[in-house]
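What follows is the residue order along each chain.
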Amino acid sequence: VQLQASGGGLVQAGDSLTLSCAASGPTNSIRYLAWFRQVPGNERDFVAAIKWSAGYTQYASAVKGRFTISRDKAKNTAYLQMNSLRPDDTAVYYCAAGYSVIQSNSASQTAYAHWGQGTLVTVSS
């Protein structure tokens, strides 16, 4: 599966932004799709994940209540709605898809075999 992330940009603290992740290829085999983020020099951190078929969602504690992950199976696209953005949300955001992910490892980047190119989100104070 190929993933194309988009929607990043420069916003002010408190603003909202929606990222998109368009999937192509054997999308019927996707079990989970997730968003991770990375600040240069730091590790890539889990943000949110969604079980592709059932829509079950998981969130990192740092974004819970502010971010919402969703997917449109007809469009083969996942979204990350980000509200109340803070400067510490600044990062490159990556979407990832996995065919064999299960709930217990859905927050681990090693569970995902397919990655998009990343989209930069910058939140100014």
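Here's what I pulled together on the structure shown here. The structure displayed is predicted, hence computed values, not measured ones.

Rules used in this analysis
Residues numbered from 1 in each chain as written. Predicted model: local features only at pLDDT ≥ 70, side-chain atom pairs only at ≥ 80, totals over all residues. Heavy atoms only, no water. Disulfide = S-S within 2.5 Å. Helix = DSSP H or I, 4+ residues; strand = E, 2+ residues; numbered from the N terminus. Buried < 20%, exposed > 50% of the residue type's maximum accessible area, 1.4 Å probe, protein only. Pairing = 2+ DSSP bridges. Polar contact = N/O pair within 3.5 Å; in protein donor to acceptor, adjacent residues only side chain to side chain. Contact = heavy atoms within 4.5 Å.

Topic: the state of the cysteines
Logical step 1: With the rule as written, the count across this model stands at one disulfide.
Logical step 2: Disulfide pairing places Cys-21 opposite Cys-95 at an S-S distance of 2.2 Å. Where Cys-21 bonds to Cys-95 through sulfur, the torsion about that S-S bond is close to 75°, and the disulfide is right-handed. Note that Cys-21 is positioned in strand 3 (residues 17-24) and Cys-95 in strand 9 (residues 91-98), a separation of 74 residues in sequence.
Logical step 3: With a relative accessible area of 0%, Cys-21 lands in the buried category.

Comments concerning the pairing of strand 11 (residues 119-124)
Logical step 1: Burial of the side chains of strand 11 is restricted to one face: Thr-119, Val-121 and Val-123 are buried, whereas none of Leu-120, Thr-122 and Ser-124 on the reverse face is.
Logical step 2: In the sheet, strand 2 (residues 9-12) pairs with strand 11 via four bridges, with the strands oriented parallel. Within the sheet, the bridge partner assigned to Val-11 lies in strand 11 and is Val-123.
Logical step 3: Sheet topology places strand 9 next to strand 11; three bridges connect them, and they run antiparallel. Across the sheet, Val-92 pairs through a bridge with Leu-120, a residue of strand 11.

Quick notes on the side chain of Thr-119
Logical step 1: Among the secondary structure elements, Thr-119 is positioned in strand 11.
Logical step 2: There is a polar contact of 3.0 Å between the side chain of Thr-119 and the backbone nitrogen of Gly-8.
Logical step 3: When residues no more than four places from it in sequence are discounted, the contact partners of Thr-119 are Ala-5, Ser-6, Gly-7, Gly-8, Leu-19, Ala-91, Val-92 and Tyr-93.

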